[in-house]
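Okay, here's what each chain looks like letter by letter:
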Amino acid sequence: MSAEIEVRSLEKIFKMGDQVVRALDGVDLIIPAHSFTVIMGPSGSGKSTLLYLVGGLDKPTKGEVLVNGKPVDFTNDINLALYRRKTVGFIFQSFNLVSTMTALENVSFPMWFAGTSRAKRRQRATSLLEQVGLANRAKHKPTELSGGQQQRVAFARAMVNDPPLILADEPTGNLDTTSGQRIMRMLHEYYQQGKTVVVVSHDERMKQFATHVIYLLDGKIVTEQEFQNASSFALLDDEMEEGEQP
Ligand SMILES: Nc1ncnc2c1ncn2[C@@H]1O[C@H](COP(=O)(O)OP(=O)(O)OP(=O)(O)O)[C@@H](O)[C@H]1O
Ligand SMILES: [Mg+2]
């Protein structure tokens, strides 16, 4: 099973006192089923916000998200929870593992909500930990694992209910090259199984796996050309800050 995502006129406005932040400023987007989409953009451009809305983890100020043609019901928390459980596997920018649980328990956790039997939960979680190369770390808690290992546990947890859609927010951020490449390969394999994968990444190497690349600037989707132009200005600013001439 795979999922086609359509985003229509999506807006997310955060109000904090007098300050208004247009985190997403009217985004229209189609992410085809069985695709590997990479979302790029500078810090604060709205990447995580977009991923959260598509994943039903937050509600838009305006606009719609449709999955296989059906609108996500943001008005009903139970429907929203069901959508997350059935459709979405989320890998967070910070790994968000439960610190008091072992690796095996962390991976098993979402299956408990899905009503899977204890024996099945254990079997599936063990097999996923094997797949990510952590069979010998099943009893370790997050603080007893390296960053790359924690990220692999988070990956196994996101896949445990076999969701048609995987959303990953900077899954290779803060990882060394080898761990980063392993995560990219695993995401690509998931795509090859026919799933829909959406990854927020600053990592240019992620593009080699992409079927689609989306660029965000100030809460809006822009073309690659507009993005490159803006990036070269940013680079110029950085250099000037270090006292160089433009
Ligand atoms: N809960 C919130 N309350 C208020 N403002 C927020 C909130 N979450 C995000 N923002 C603001 O919305 C904008 C977009 O944030 P977002 O987290 O989507 O950026 P991002 O592209 O993921 O950045 P990064 O690459 O640093 O993770 C930012 O200006 C941010 O300060
Ligand atoms: Mg972010």
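For the structure itself, look to the data block above.
Now for a look at the structure at hand.

So, how was this worked out
- Residues numbered from 1 in each chain as written.
- Chains lettered and ligands numbered in written order.
- Predicted model: local features only at pLDDT ≥ 70, side-chain atom pairs only at ≥ 80, totals over all residues.
- Pairing = 2+ DSSP bridges.
- Helix = DSSP H or I, 4+ residues; strand = E, 2+ residues; numbered from the N terminus.
- Axes fitted to C-alpha atoms, helices over the stretch in contact; angles between N-to-C directions.
- Contact = placed C-beta atoms within 7 Å.
- Parallel < 35°, antiparallel > 145°, perpendicular 65-115°, else oblique.
- Left-handed = near helix turned anticlockwise from the far one by under 90°.
- Nonpolar A, V, L, I, M, F, W, Y, C, P; charged D, E, K, R; others polar.
- Expected span 1.5 Å × (residues − 1).
- Buried ≥ 20, exposed ≤ 12 C-beta atoms within 10 Å, placed from the backbone.
- Core = buried A, V, L, I, M, F, W, Y, C linked by C-beta atoms within 7 Å.
- Near = placed C-beta within 6 Å.

## Topic: the sheet that holds strand E9 (residues 212-217)
The six strands are arranged E6-E7-E8-E3-E9-E10 in an open sheet whose pairing can be described as mixed. Each end of this open sheet is capped by a strand with a single partner; those strands are strand E6 (88-91) and strand E10 (220-222). The sheet shows a mean angle of 25° between the axes of neighbouring strands, taken without regard to direction. As defined by bridge partners, strand E7 (residues 165-169) adjoins strand E8 (residues 196-200) across five bridges and the pair is classed as parallel. Directly across from aspartate 169, in E8, lies its bridge partner valine 200. The strands touched by helix H6 (residues 177-192) are strand E3 (36-40), E7 and E8; relative to E8, the strand with the most contacts, the crossing angle is about 150°.

## With respect to the environment of alanine 158
The topology assignment puts alanine 158 in helix H5 (residues 147-159). C-alpha of alanine 158 to C-alpha of alanine 168: the two residues are ten residues apart in sequence and 9.1 Å apart in space. Sequence-distant contacts of alanine 158, defined by excluding residues within four places in its chain, comprise Gly89, Phe90, Ile91 and Ile166.

## Regarding the sheet that holds strand E2 (residues 19-31)
With antiparallel pairing, the four strands of this open sheet are ordered in space as E2-E1-E4-E5. Lying at the two open borders of the sheet, with one neighbouring strand each, are E2 and strand E5 (70-71). Sheet topology note: the strand E4 (residues 62-67)/E5 ladder contains two bridges and is antiparallel. Its bridge partner lying in E5, leucine 66 is registered against proline 71. Its contacts with the sheet put helix H1 (residues 47-54) on strand E1 (5-16), E2 and E4, and the angle it makes with E1 is roughly 120°.

## A word on the packing of helix H3 (residues 103-113) against helix H4 (residues 118-131)
One can describe the packing of H3 onto H4 by two numbers: an axis separation of 9 Å at closest approach and a directional angle of 130°. In terms of orientation, H3 and H4 fall into the oblique class. Crossing of H3 against H4: the hand is right-handed. For the pair formed by H3 and H4, the contact residues are Ala103, Leu104, Val107, Ser108, Met111 and Trp112 on the first element and Arg121, Arg122, Arg124, Ala125, Thr126, Leu128 and Leu129 on the second. Among the residues making up the contact of H3 with H4, the classes are represented as eight nonpolar, two polar and three charged.

## Considering H5
With 13 residues, H5 should cover 18 Å at 1.5 Å per step; its first-to-last C-alpha distance of 19 Å lies within 8% of that length. Within H5, ten of the 13 residues are buried, which leaves it mostly tucked inside the rest of the structure. All of the buried residues in H5 are Gln150, Gln151, Arg152, Val153, Ala154, Phe155, Ala156, Arg157, Ala158 and Met159. Each element contacted by the buried residues of H5 is listed here: E6, H3, H4, E7 and H6.

## Concerning the nonpolar core
Ranked by internal contacts, the top residues of the largest apolar core, which has 63 residues, are Val54, Val107, Leu129, Phe155, Ala156, Leu167 and Leu187. Ignoring sequence-local partners within four residues, the contact set of leucine 129 consists of Ala103, Leu104, Val107, Leu134, Ala135, Ala138 and Ala156.

## Looking at the site of ligand 1
Phe14, Ala23, Ser43, Ser48 and Thr49 are the nearest of the 13 residues found near ligand 1. Counting residues per element, the ones that place at least two in the shell around ligand 1 are E1, E2 and H1. The biggest single contributor to the shell around ligand 1 is H1, with three residues. Residue composition of the shell around ligand 1, by class: four nonpolar, eight polar and one charged.

## Comments concerning the pairing of E6
Because side chains alternate across E6, one face comprises the buried residues Val88 and Phe90, and the other comprises Gly89 and Ile91, equally buried. Judged from the four bridges that link them, E6 and E7 form a sheet pairing that is parallel. Considered in E7, the bridge of valine 88 is made with leucine 165.

None of the figures reported here should be taken as evidence of function without further support.
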